[in-house]
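# Coordinate inspection notes
Listed here are the chains, written in short residue letters.
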Amino acid sequence: MMDTIDDDEVEFPFCPDGQDDGQHDEVVGTVDDLWLPLSDTSEFGQEVTYEDFVNDTFSSGSYYSSQSSDQTYFEWNAILPFVRHLRSVFRHNPVACRYFLQEIRCCGRAGIQSVVHRATEGDLYLSDLAGTEDTTSLLLLTKIMTSLSVQDRAHLMKYLEGVVNAIIPIIIPGKKMPRIPNGPKDSWKVVIGSDTSVYGQIPHEAVKEVDRNHVSLSVNDMINTQMALGADLNFIVGDNGRDRTGINGTPEAEAALARMRHKIQANGGDPDNTLYGLIAIWSDGFVVSWVKQKDNSCWTLTVTLCPTEGMNPKDTHAIALGLSKYDHSYTVSQIMKQLEPLENGIVRLWSSGGRLRLVNTAFAVICYPADKPERGSLTSTLGHTGNTSKRGNYVGRWSTQFIPSCARCSSNLVMRALNNDSIIDVGTCEQCCDWSYTDRKGWEKAWPVTSDTYPSEPLDETLMQELGIKWPENRKVPFESYIKPMEQTFSWLIEGVKVALLALAIRIWNKGQTTAYLNSFAVSTKVIKATVSDADTLYKEIVGAARHRREGWQDNLKQLLTTTALTSRGVIPEMWVQKLVSLSCFIELPMHEIFLGAIQTIYEVIEEYIKSNKEWEKFLAMVNPFLTEIKLFRLSWCKLEPLPKSSWISENWIAYMRCLPWLVGIYIRNIGSDEVGNAALARLIHTLDVMVSQLMCADQNCDEEKLTLSIKIFLNCCVEFSNHLDRKKRKRRKNQSPESQKDADPFYVKGNFISLLNLVRQIKRFGKLVWYWDGNLEKGIQSLKPNLGRLRKTSKFLRTKLIGVRKDQIFGRIFDSWNSPPLQAKNSHDWFGRTYRFQNEQEINERLIEGQPLPFVQRKDDNRFMIPFGQGKSEDDIHFLSISLIFNNIPRETCVGQFYCSLAAGLVGTIKRETLINGVKYGVFLPNVSKDEDFDNSWTIMTEQREVLRGDSNELSCQCHQEDMMKSLFAPSTVSRNLIGRKIGMVFAFTEKDKDGHEIGNGFQYYNGSISAWMGRGTFEIQWDGDSTSIEKLRLQDYGLFIENGWILV
């Protein structure tokens, strides 16, 4: 039998007198009380089994009398299973039970009509339905009042009181008018205040206290409520079969589906007659007040049902609420326990397509997106500022010298990205780790066992076998000459804690060695302290000194070292033992990882670099007029702000990234005086642009190797550019490692940069990054904040606020369902929010001549570029000026990897508004700015989809590595005499052949030397090491160029 819906597994006798006679068609109660929940002492009937009613269905239309909307007739055999189901599921929630029992009478209508009728009569035990006009008017009034402050509600009620008093004398006799509350007391009773009011009768889940600082509701109850309300859920397997759109088509979704089907079958259900859905969990803290933030911050956990093309705020529900400064691990573990049974199959009432059905469902958690601090707290691992945990979900001691690519590997990455056959994979390098967290030769230098704190005494293998403890992978003591990096898993962490606990309990290791051993797992300080404390207790109570150990101490110790025992004592976190979410399912949040992390740091680095050259004010004076112009366009996809940054939020950083190559190009062409530093800056920004474009456009079918190459090349450019930063003027950064001065570089302080490598496998498993956009998840916080302005630190206060949030969200769904189609503003994605309409054609032509930014749209069917203009309503046909792109007499590419072209105004035409919404791309023409010369009609573009110009056609495509562009960036001809004295390394691929010309071998030959003379026009004289007579002229732009730590690799 399938798992039942009730949490307490209470059975109900079928018949009113408590005896089940085996007949399922008896009438229970009268017609009037059938639609009301029974009292707490009543017994309704035995809960029917899965086979009795799975997929029972009826159309609401057949149960409505054609003569009166307030009269219903019933076929008891069809209705009673639904009544039994609802009275069982919502037996502890009379408000929800009352609402959904009425819904049976007319799906999507009767529930709210009964609420309005009881509100106007002031009696909870009435079964009649209100009329359509009364329901509509009171719903609108409730909608308005829930969005108002208490004072504004009083003002509104005062106004309505005057309206009622004015119209009562002139009402036509016999004419019924809609119910309008007359004054504040009446509104409290009817609309929003009392238990009998409309708002007071809105169904919601029961919210319970978890501890003194947290409250939560049942995820199972939330799913029951949403399905009964008719939420439009996109099941991975629904009525139309297997759905493979969006997240439902990812490999991780396929694995979750297979797991659910297996459990359904194991529990005696029918896997082919079940609806399967996915769940995404998210949690984070947020600031309620800017005063005393630590004490006035809250924390919430949300669940998103059936995410497909992203985290839809309508399907995202707040499940828990707590105070931010307290530990949330227990609350999360309790919610995890609720989620595990959902995979086994549960029968639910589903309102879909105007009919009610009892269907079997199964839900599985697909991922837990969380930012780095939240993930570290939940999983009890070190945060991204730890020395061994900078890369998320991996452990490996950070080494500035050896983890980044060496010069040879850097050049090899560039050649591989360009598919250049002259440079092939040089194999495992012994000089670096090449950003890899696998066992490479470079890790022998990156993480050597040189400290005396690491344990060297091995444990007795026989004792470990008796106690059921085994060595974790790559963590057997004594270590080899170095410690290998590892990907963390919960089972691996548990094994490590058990070994450390045993070794300290029997006093093979001391506390310092135990701490050092656990640090090689990158577990949190809390886990280390709990392990040391528990080991001391075991030593005192069970083990003791070797000469005083009692007989059978091993058996007692074995029982205390089981995973269950260690979890109960708080040594092993409960998150580690749950089977619902693996550690790899705690995925990176793209907004935090890329834009609020890496991009924000890049901005700080660029600002620091330009200021060190004393050119910051000149740069601001040159670019801010253009940035202000773009801001005034008010583009929904590019909310740009002038520099410098001031309280920027994520959408500002996204816009900044879109135009960053253009901004840096302006600086390099017009202001920058350091040619070598500018070349490194151009490489940094171009590789960043390529990486972000490819990451944001990639899906589960992407080329994993190319994505990895793009990230590694960008990271190497970060290392190179750090050599051009003035460390002497830099302030000591928070969390700066004292190990070396170079660790002060912003690229190494946090883990945002190295964790970019995690995104590749995440995309392969979970699909597009935009599907897990944390901005959509954080929208749920906006509904919480207004209610938490005067935060009280009690669970009763939190419970009241979470109930209010749930009622607001459920009422919004009911309101939209009643007002079908919903009463709402025009589509927020209309064209006028994504582009700009000028006053007239003359204004566009003037901006073309002056070189001012110009928003455009591009038709997808013919690739035409158009600039809208003209007056009139947005519903009218839109006038546009056609723009032609001319690639003659313009350099094919100019700085920072951007293509430029000329623009020419064409014919004027019109286009339908609908076409502008669905059939075009959006972007902005950006001028090639020059401070000393007149504008030469040279333009590049910035687009909503991060596309760029390609070659000499109107076709746009995502940014990528191109051979000519990379050769230009990595071998600039503008390098000056500043390179004289720099060391240089060359690698030549050779092929050995016999006398008949057959290939008998191949390999590489490496040469080291230094630049001895500047020959002009990008040509240098090279002095090779070991041969004072070997001097060779070399033209650098004919080869790949990379500068790192004073070396140049060609």
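See the structure shown above.
Our subject in this report is the structure included herewith. (Residues numbered from 1 in each chain as written. Predicted model: local features only at pLDDT ≥ 70, side-chain atom pairs only at ≥ 80, totals over all residues. Heavy atoms only, no water.)

### Considerations on the sheet that holds strand S18 (residues 939-943)
Strand order in this open sheet of six strands is S16-S15-S14-S13-S17-S18, and the pairing throughout is antiparallel. Bordering the open sheet on either side are strand S16 (902-911) and S18, each of which pairs with just one other strand. Averaged over all pairs of adjacent strands, the angle between strand axes in this sheet comes to 40°, irrespective of strand direction. The pairing of strand S15 (residues 878-886) with S16 spans eight bridges and is antiparallel. Its bridge partner being in S16, Phe880 is matched across the sheet by Gly909. Packed onto the sheet, helix H23 (residues 650-670) meets strand S17 (920-927) and S18 and runs at close to 165° relative to S18. (Pairing = 2+ DSSP bridges. Helix = DSSP H or I, 4+ residues; strand = E, 2+ residues; numbered from the N terminus. Axes fitted to C-alpha atoms, helices over the stretch in contact; angles between N-to-C directions. Contact = heavy atoms within 4.5 Å.)

### Topic: the packing of helix H24 (residues 675-697) against helix H25 (residues 704-722)
H25 packs onto H24 with a crossing angle of 155° between their chain directions and a minimal axis gap of 9 Å. The orientation of H24 with respect to H25, classified from their angle, is roughly antiparallel. Remark: the crossing between H24 and H25 carries left-handed chirality. For the pair H24 and H25, the contacting residues are Gly677, Ala680, Leu681, Arg683, Leu684, Thr687, Leu688, Val690, Met691, Gln694 and Leu695 in the first and Lys706, Leu707, Ser710, Ile711, Ile713, Phe714, Cys717, Cys718, Glu720 and Phe721 in the second. The residue makeup of the contact of H24 with H25, split by class, is 14 nonpolar, four polar and three charged. (Parallel < 35°, antiparallel > 145°, perpendicular 65-115°, else oblique. Left-handed = near helix turned anticlockwise from the far one by under 90°. Nonpolar A, V, L, I, M, F, W, Y, C, P; charged D, E, K, R; others polar.)

### Section: empty space enclosed by the protein
Enumeration according to the criterion identifies eight cavities of 30 Å³ or more in this entry. Considering only enclosed or pocket space, the largest cavity measures out at about 150 Å³ in volume. Elements with a minimum of two residues in the lining of the largest cavity: H23, H24, S18 and strand S19 (947-949). Looking at the lining of the largest cavity residue by residue, the classes come out as six nonpolar, three polar and four charged. (1 Å grid on protein atoms, 1.4 Å probe; cavity = no way out; pocket = protein on both sides within 12 Å on 5 of 7 lines; lining within 4 Å. Points joined across faces, edges and corners; volume = space filled by probe spheres on them.)

### Considering unusual backbone geometry
Across the junction of Val477 and Pro478, the peptide omega takes the value 5°, indicating a cis bond. Position of Pro478 among the secondary structure elements: in the loop between helix H14 (461-467) and strand S12 (486-487). Of the consecutive residues Leu643 and Pro644, the connecting peptide bond is found in the cis state with omega at 0°. Counting through the fold element by element, Pro644 comes out in the loop between helix H22 (616-632) and H23.

### Some remarks on the pattern of salt bridges
Using the criterion set out here, one finds 28 salt bridges in the structure. One salt bridge connects Glu252 with Arg765, and the closest N-O pair in it is separated by 2.8 Å. You can see Glu252 sitting in helix H9 (residues 251-266) and its partner Arg765 sitting in helix H27 (residues 758-766), a full 513 residues away along the chain. The residues Glu252 and Arg765 share a single accessibility class, namely buried. Here Lys484 makes a salt bridge to Asp439, at a shortest N to O gap of 3.3 Å. Of the two residues, Lys484 sits in the loop between H14 and S12 while Asp439 sits in the loop between helix H12 (407-417) and helix H13 (443-446), which places them 45 residues apart along the sequence. (Salt bridge = Lys/Arg side-chain N within 4 Å of Asp/Glu carboxyl O. Buried < 20%, exposed > 50% of the residue type's maximum accessible area, 1.4 Å probe, protein only.)

### Regarding the packing of aromatic side chains
One pass over the full model with this rule turns up 36 aromatic pairs. Ring centres of Phe714 and Phe753 lie 6.1 Å apart, and the angle between their planes is 20°; on these two criteria the pair is classed as stacked. Residue Phe714 is located in helix H25, and its partner Phe753 is located in the loop between helix H26 (746-749) and H27; the two are separated by 39 residues in the primary sequence. Residue classification places Phe753 among the buried positions, given a relative accessible area of 3%. A centroid spacing of 5.2 Å and a plane angle of 70° characterise the contact between Phe856 and Phe865, whose relative ring orientation is edge-to-face. Each member of the pair, Phe856 as well as Phe865, is classed as buried. Ring-pair connections join several aromatic residues into one group, and the members of that group are Tyr454, Phe479, Trp492, Trp509, Tyr517 and Phe521. Its guanidinium or amino end placed over the ring of Tyr394, Arg391 lies 4.0 Å from that ring's centre, counting from NZ or CZ. Stacked on the ring of Tyr539, the Lys or Arg Arg507 has its end atom at 4.1 Å from the ring centre. (Phe/Tyr/Trp six-rings, centres within 6.5 Å; stacked < 30°, edge-to-face > 60°. Lys NZ or Arg CZ within 6 Å of the ring centre and 35° of its normal.)

### Some words on the environment of Arg475
Relative to the helices and strands, Arg475 is located in the loop between H14 and S12. According to the relative accessible area criterion, Arg475 is buried, its value standing at 0%. Measuring from C-alpha to C-alpha, the distance between Arg475 and Trp492 comes to 9.8 Å, with 17 residues separating the pair along the chain. Look past the residues within four positions of Arg475 in its chain and what remains in contact with it is Val395, Trp447, Ile483, Lys484, Met486, Trp492, Tyr517, Ser520 and Phe521. A polar side-chain atom of Arg475 sits 2.8 Å from the main-chain carbonyl oxygen of Lys484. (Polar contact = N/O pair within 3.5 Å; in protein donor to acceptor, adjacent residues only side chain to side chain.)

### A few points about the side chain of Thr300
Take Thr300: it is sitting in strand S7 (residues 297-305). A residue is classified by how much of its surface remains accessible, and Thr300, at 1% relative accessible area, is buried. In terms of polar contacts, Thr300 uses its side chain to reach the backbone carbonyl oxygen of Ala320, at 3.0 Å.

### Quick look at the environment of Glu850
Examined against the element boundaries, Glu850 turns out to sit in helix H30 (residues 841-850). Assessed through its relative accessible area of 52%, Glu850 is described here as exposed. Spatially, the C-alpha atoms of Glu850 and Asp934 are 8.8 Å apart, while their sequence positions differ by 84 residues.

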